[in-house]
Every structure is written in C-alpha cells, then in structure tokens.
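Structure assessment
Listed here are the chains, written in short residue letters.
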Amino acid sequence: AMSSRNRRLSSDQREIAPRIYEALNLAKSKLLAGTTLKDAQSSAIQFLNDFNAFEVEYLEIVSAEDLGLIPMDLTLAQIKQEIAICVALNLGNVR
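Residues numbered from 1 in each chain as written. Predicted model: local features only at pLDDT ≥ 70, side-chain atom pairs only at ≥ 80, totals over all residues. Heavy atoms only, no water.

**Side note on the overall build of the protein chain**
- Broken down by element type, the protein chain carries four helices and two strands.
- Ordered by position from N to C terminus, the α and β elements of the protein chain give α-α-α-α-β-β.
- With the C-alpha coordinates aligned to their principal axes, the bounding extent of the protein chain is approximately 40 × 25 × 20 Å.
- In the protein chain, which comprises 95 residues, the proportion classed as buried is 25%. (Helix = DSSP H or I, 4+ residues; strand = E, 2+ residues; numbered from the N terminus. Buried < 20%, exposed > 50% of the residue type's maximum accessible area, 1.4 Å probe, protein only.)

**Notes on the layout of surface pockets**
- Approximately 260 Å³ is the volume found for the largest pocket.
- Residue lining of the largest pocket: Arg5, Asn6, Leu9, Ala17, Ile20, Tyr58, Val87, Ala88, Leu89, Leu91, Val94 and Arg95, and that is the complete set.
- Counting only elements with at least two residues in the lining of the largest pocket, the list comes to helix H1 (4-7) and strand S2 (83-91).
- With four residues, the top contributor of residues to the lining of the largest pocket is S2.
- The residue makeup of the lining of the largest pocket, split by class, is nine nonpolar, one polar and two charged. (1 Å grid on protein atoms, 1.4 Å probe; cavity = no way out; pocket = protein on both sides within 12 Å on 5 of 7 lines; lining within 4 Å. Points joined across faces, edges and corners; volume = space filled by probe spheres on them. Nonpolar A, V, L, I, M, F, W, Y, C, P; charged D, E, K, R; others polar.)

**Examining the pattern of salt bridges**
- As enumerated under the stated definition, the model contains two salt bridges in all.
- The closest approach of N and O atoms between Arg95 and Glu57, which form a salt bridge, is 3.0 Å. Of this pair, Arg95 sits in the segment after S2 while Glu57 sits in strand S1 (residues 54-63), and the two are 38 residues apart along the sequence. (Salt bridge = Lys/Arg side-chain N within 4 Å of Asp/Glu carboxyl O.)

**Some remarks on the environment of Leu67**
- The topology assignment puts Leu67 in the loop between S1 and S2.
- Filtering out sequence-adjacent residues up to four positions away, Leu67 remains in contact with Val62 and Cys86. (Contact = heavy atoms within 4.5 Å.)

**Observations concerning the nonpolar core**
- One finds Leu37, Leu48, Phe54 and Leu91 to be the most contacted residues of the largest nonpolar core, which totals 18 residues.
- Those elements that place two or more of their residues in this core are helix H3 (19-32), helix H4 (37-49), S1 and S2.
- The biggest single contributor to this core is H4, with four residues.
- Discounting chain neighbours no more than four positions away, the residues touching Phe54 are Ile16, Arg19, Ile20, Leu48, Asn49, Leu89, Asn90 and Leu91. (Core = buried A, V, L, I, M, F, W, Y, C linked by side-chain atoms within 4.5 Å.)

**Considerations on the packing of H3 against H4**
- Contact geometry for H3 and H4: axes closest at 8 Å, N-to-C directions at 155 degrees. Taken as axis vectors, H3 and H4 run roughly antiparallel relative to one another. Relative to H4, H3 is oriented so that their crossing is right-handed. Along its contact with H3, which presents Arg19, Ile20, Glu22, Ala23, Leu26, Ala27, Lys30 and Leu31, the element H4 presents Leu37, Ala40, Ser43, Ala44, Phe47 and Leu48.
- Residue composition of the contact of H3 with H4, grouped by class: 10 nonpolar, one polar and three charged. (Axes fitted to C-alpha atoms, helices over the stretch in contact; angles between N-to-C directions. Parallel < 35°, antiparallel > 145°, perpendicular 65-115°, else oblique. Left-handed = near helix turned anticlockwise from the far one by under 90°.)

By themselves, these observations are geometric and do not establish any function.
As structure tokens, this is what we get:
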C-alpha cells in the first residue's frame, strides 16, 4: 500500500525519496563511529542537499525521551540517554 504522501510524489520523486532513510542511517553511522552530533547532523544534511531535490527544514538529533535538544559538541559515548534523529523536509510539494 502506498501512503497518501507517496501518491502525491512523481515517479522521479518516489525514486529519490529513499535517500531520506539513507541520510538518517548516515547520521547513525557517523554517531556510532564516534563523531559529534554536529558532524553527524552536518553530514546527513549535506547528503540530502547534494540531491538538489530536498528542501531540508530541519534535521535534529534530540533526546528520545522528550525530544529536547542535546549539546551538539558531544559524541554518542558522552550522552547518557537514548536519542532520536528527526527530519522534516519537502520533496517537491510534499512535506
């Protein structure tokens, strides 16, 4: 089944949409490799921006418990809580 948002994407946009998941996994990989939250965030945003199809509103690494901000100069090893990587973006006219 296709979501209502996916139905509003063109076939070209549907082909590029999985890059969103890849960007989230890139951020996760960077964090697991020991980079700072800021570096992981920047890498994922740059990855999306390289496609010239996404308009990134935000990509944030936050506390999974309350979605609160975490100091971006920390590494995953320095954080004593679970995190979430959240993204909002537009692909064409679809958010």
